[in-house]
Amino acid sequence: MDKRLERILPRVQKPARYVGGEYNEVQKDKRDVDVRFAFCFPDTYEIGMSNLGFRILYAVMNDLPGVWCERAFAPWTDMEAQMRAAGVPLYALESGDPVGGFDIIGFSVGYEMAYTAMLNMLELSGVPLRSAQRPSLAPLVVAGGTAMYNPEPVADFIDLALIGEGEEQLPELIALYRRAKGEGWDKPRFLRAAAGIGGVYVPSLYEISYNLDGTVSAITPQEGAPERVYKRAVSDMDRSRFPTKTIVPSTEIVHDRVTLELFRGCIRGCRFCQAGYVYRPVRCRSRELLARYGQEAIEDSGYQEMTLSSLSTSDYPELAGLCDDLAAFCGKNHVNLSLPSLRADSFSMELMERLQRGRKAGLTFAPEAGTQRLRDAINKNVTEEDLTASLRTAFAGGWSAVKLYFMLGLPTETDEDVLGIAEMANRAVHTWREYASNKNRPLRLTVSTSWFVPKPFTAFQWEAQIPREEYERRVKLLREAITAKAVTYNWHDGETSFLEAVLARGDRRLCAVLEEAHRRGARLDAWSDCFDLNRWLEAFSACGLDPAFYANRERSRDEVLPWSTISCYVSEDFLWRQRELAYASVTTPDCRTRCSGCGANVVEGGECYHG
Amino acid sequence: MGKLRLLFAKEGRAVYISHLDLMRTLQRVFLREGVALRHSQGFHPHPVLSIALPLSVGQSSRCEILDFETLEDLEGEELVRRLNRSLPEGLLARSCYVPVWPVRELEKLQCRVELLYDAGVRAGAAEAVKDLLSRESVVIRKRTKRKAMAELDIRPLLHSLEVREELGALALEAVVSAQNPGLNPALLAAAVEAHLPDLAPDFVRVRRLEALDKRGETFR
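It should be emphasised that the depicted structure is a prediction, and the values quoted were computed from it without experimental measurement. (Residues numbered from 1 in each chain as written. Chains lettered and ligands numbered in written order. Predicted model: local features only at pLDDT ≥ 70, side-chain atom pairs only at ≥ 80, totals over all residues. Heavy atoms only, no water.)

1. Overview of the domain arrangement of chain A
One frequent convention defines the size of an interface as the accessible area lost when the parts assemble. All names here are of chain A. You can read the domains of chain A as domain 1 (3-230) and domain 2 (236-341 + 568-611). The C-alpha centroid of domain 2 is placed 26 Å from the C-alpha centroid of domain 1. With 25 residues of domain 1 at the interface, the matching set in domain 2 holds 25 residues. Summed over both sides, the interface between domain 1 and domain 2 buries roughly 2,300 Å², with carbon and sulfur atoms accounting for 59% of that surface. Salt-bridge contacts for arginine 283 lead to glutamate 165; the nearest nitrogen and oxygen are separated by 2.8 Å. In this structure, the connection of domain 1 to domain 2 is made through 15 residue pairs in polar contact (both at pLDDT 80 or more). Breaking the side of domain 1 that touches domain 2 down by element, the ones donating at least two residues are helix H2 (45-48) and helix H3 (52-63). (Domains from an automatic or database assignment. Contact = heavy atoms within 4.5 Å. Buried area = accessible area lost by both parts, 1.4 Å probe. Salt bridge = Lys/Arg side-chain N within 4 Å of Asp/Glu carboxyl O. Polar contact = N/O pair within 3.5 Å; in protein donor to acceptor, adjacent residues only side chain to side chain. Helix = DSSP H or I, 4+ residues; strand = E, 2+ residues; numbered from the N terminus.)

Structure (structure tokens):
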């Protein structure tokens, strides 16, 4: 171990997260390796190691002969200060080698608030932040993940973005890189060639021009770059890699368990949900394979908890059967099965009852809106009767801790909708009084609201986020309407959601703001103890930009959206129609009931949902 | 069904695994190898695993002791082989056997404390340290579990000491009390810092070498 590192580790919290060496970490002989990939997660070890996509791609890349994929995470503030003071650059956990010396530095970016952590990790690696300041091929800086559906706010920093799922695309990119390295290509030549790989977006090959009002007037591809970059998606989940032999951290992480990925995509089509649109179409893994993977992953890791993961697990066609398949093995080995999210329907509740042997932990439901009208508008096809029936089963079955999640500031929301949340909470308390099997255990009902953030590639991508004062007024309105003692009301602080709304639909001019905010100390903005909105507001004014232009402005149908070069196959016309239906409070049936023609079916060759 | 004792080393990158995380890690290692452990009775059964003397984060050891009970009779050597293929880097099973002596008989620890000096060791440093730790009493201030400061005389807990000068370091080889109460060997360095500020080291490495019984014989 590096002597300087040995000196600083005793001075930081939880040093185990900075050393690697975990069970199943991949070690390779450097003499057999010609492409070294530093896989960077712009958040802490505990968050990054909980990310299934990160683990899948780690396995996919390390499967490739001659390629060594190693991990790096954002250091917590104490470690960062020690590293800077001791002159220790960001290093990869497997070899301990500095990230700056790798061939490719790849970021997995799931959310906008991680952007400054990206910049900070580059800075800690001693790598110039801007692509234009890095003339040579190595290190090549690439980024993928859900946030990269709109890569414009980081366009000047990365050399290229990988749009969609990475299992097939990353090996193609690495193969091209190997060729470029072997034949001594310069970076521009490599980038021009890379733009020919499906799903690769090279920002420097697109020229952006602006109107006087600040909106984008045109995006012009240069040097043969494609007009549109289509996302990549795995078509057959049974042939996509699921790592059953995966790193088991020696220190506790956020999701310290086996995550079994049942399917990708979601049939529901909630109009606010970016994941619901960009991961279309639904692609399931077969039940037999899942049962085998689940058992192998438990046996290899020694975990005693497994979560059945997807965007909407109760929509897996053979969920009950899969649970049966897993039950014998899990029962014998004291493995708990858990579901990440619950739909408020009877099927989900029955399943919950079966899975939760003895232990009645809290239940979480997300009705998202307080009235049927607004739930219809956002296409959250859950009725109050569904919820009441679920709660009845839960309370009768002995559950007493229930959380209800809502959003404030959804398009078309009125005060009546806000007050509807309080009424739902009150009715839930009534249901408990009527049906609770054990009234000696007091009811703990938590109502949480977040502030709606309009995202690209959703039906609400043209919407304005409501102003902060209005959001705070609605919070106050709801707070005063919730009277029952058993109900705790939590609301998101608005500052983070405001910045998220700015960055989510930002354009390339935000790169300067990001750089400035980072210079002023922004790092781990996803963490409230590190986040400071003032720093950002100062950065905006230093760059002469108005954050409200991005967050609080309604876009017109014909505006050139900054992310319009990129496509997740769901057509803009479809999204616009969904928006119009929202304003009419008309629902769209789920993909299993009827295809609504979003356009995503090309991934599976024309036919979308089967099963 | 059998009580077993595992002697293992904790070195390299594994020295940063905290006691709590180590317990979790060891539980998973047994599960990976399909070794069924006896569980506690009660509402939340958990495997009965017990580490004789928790080790501070950052210290290395070649003599950690773990007691546990398996549900079936297992051969020690075979178990060592299986555990070693499932342990993370830096944790090494050395031997596994049916314990004879209870853990309370583990009275002393032989350990090595390295005081590192980046600018080299001053002349006479070894003697000064030896003299300090040979005094009748060596009082240091130490933070208690309740976060208050308390004075502690470490001298009665130090049973033997050798000080050698090495390249850029003073190596203290000491035998200290293991428990009831025990002495964290890092406090030997703290004593040097407190009483010989000129000899305050730039860095301290601590390593447990051997577990001893009251007669100073190897404890197993």
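2. Side note on the environment of valine 15 of chain B
The residue valine 15 of chain B is located in the loop between strand E1 (2-10) and helix H1 (19-32) in this model. The exposure class assigned to valine 15 of chain B is buried, which follows from its relative accessible area of 6%. (Buried < 20%, exposed > 50% of the residue type's maximum accessible area, 1.4 Å probe, protein only.)

3. Re H3 of chain A
All names here are of chain A. Here H3 is 12 residues long and its end C-alpha atoms lie 17 Å apart, about the 16 Å a rise of 1.5 Å per residue gives. Among the residues of H3, Leu52, Phe54, Arg55, Ile56, Leu57, Tyr58, Ala59, Val60, Met61 and Asn62 are the ones counted as buried. Here H3 starts with a cap whose side-chain oxygen sits 3.0 Å from the backbone nitrogen of glycine 53, and that cap is asparagine 51. (Expected span 1.5 Å × (residues − 1).)

4. Observations regarding the pattern of salt bridges
Taken as a whole and assessed by the stated rule, the structure comprises 79 salt bridges over all chains. We note a salt bridge from arginine 24 of chain B to glutamate 252 of chain A, for which the minimum N-O separation is 3.4 Å. Here glutamate 252 of chain A lies in the loop between strand E9 (229-230) and strand E10 (258-261) and arginine 24 of chain B lies in helix H1, a pairing that spans two chains. Residue glutamate 470 of chain A is joined to arginine 474 of chain A by a salt bridge in which the shortest nitrogen-to-oxygen separation is 2.7 Å. With glutamate 470 of chain A and arginine 474 of chain A both in helix H15 (residues 468-481) and 4 residues apart, this pair spans about one turn of that helix. Connected via shared salt-bridge partners are Glu6 of chain A together with Arg112, Glu114, Glu162, Arg164, Glu166 and Arg205 of chain B.

5. What about the domain arrangement of chain B?
Residues and elements named next belong to chain B. Splitting chain B by domain gives domain 1 (2-99) and domain 2 (106-212). With centres defined by C-alpha atoms, the gap from domain 1 to domain 2 works out at 29 Å. At the interface, 13 residues of domain 1 touch 12 residues of domain 2. For the pairing of domain 1 and domain 2, the buried interface totals around 1,100 Å² over both sides, and the portion due to carbon and sulfur atoms is 48%. Among the residues domain 1 hides against domain 2, the three largest losses belong to Leu53, Gln59 and Cys63. Together they make up 50% of the total. Seen at the junction of domain 1 and domain 2, the total is 2 salt bridges.

6. Comments concerning the sheet that holds E10 of chain A
Residue and element names in this part refer to chain A. Across the sheet, 3 strands lie side by side as E10-E13-E14; this open sheet has parallel pairing. With one partner strand each, in any of the chains shown, E10 and strand E14 (336-338) form the two edges of the open sheet. Here the strands of the sheet are splayed against their neighbours by 25° on average, with no regard to which way each runs. Packing of helix H9 (residues 287-301) onto the sheet brings it into contact with E10 and strand E13 (305-309), and relative to E10 it is tilted by some 165°. Strand contacts of helix H10 (residues 319-332): E10, E13 and E14, with the helix running at about 170° to E13, the strand carrying the most contacts. (Pairing = 2+ DSSP bridges. Axes fitted to C-alpha atoms, helices over the stretch in contact; angles between N-to-C directions.)

7. Some words on the pairing of E10 of chain A
Residue and element names in this part refer to chain A. Burial of the side chains of E10 extends over both faces: Val258 and Leu260 are buried on one face and Thr259 and Glu261 on the other. Looking at chain direction, E10 and E13 are connected through 4 bridges and run parallel. By the bridge assignment for E13, valine 258 is matched with methionine 306.

8. Remarks on the pairing of strand E1 (residues 35-41) of chain A
All names here are of chain A. Judged by how many residues are buried, E1 sits mostly within the fold: 7 of 7 residues are covered. Alternating residues of E1 divide into Val35, Phe37, Phe39 and Phe41 and Arg36, Ala38 and Cys40, and every residue in both groups is buried. Relative to strand E2 (residues 67-73), E1 is paired through 7 bridges, and the arrangement is parallel. Bridge pairing links arginine 36 to tryptophan 68 in E2. Relative to strand E3 (residues 104-108), E1 runs parallel, the two being bridged by 4 bridges. Bridging across to E3, phenylalanine 39 finds its partner in glycine 106.

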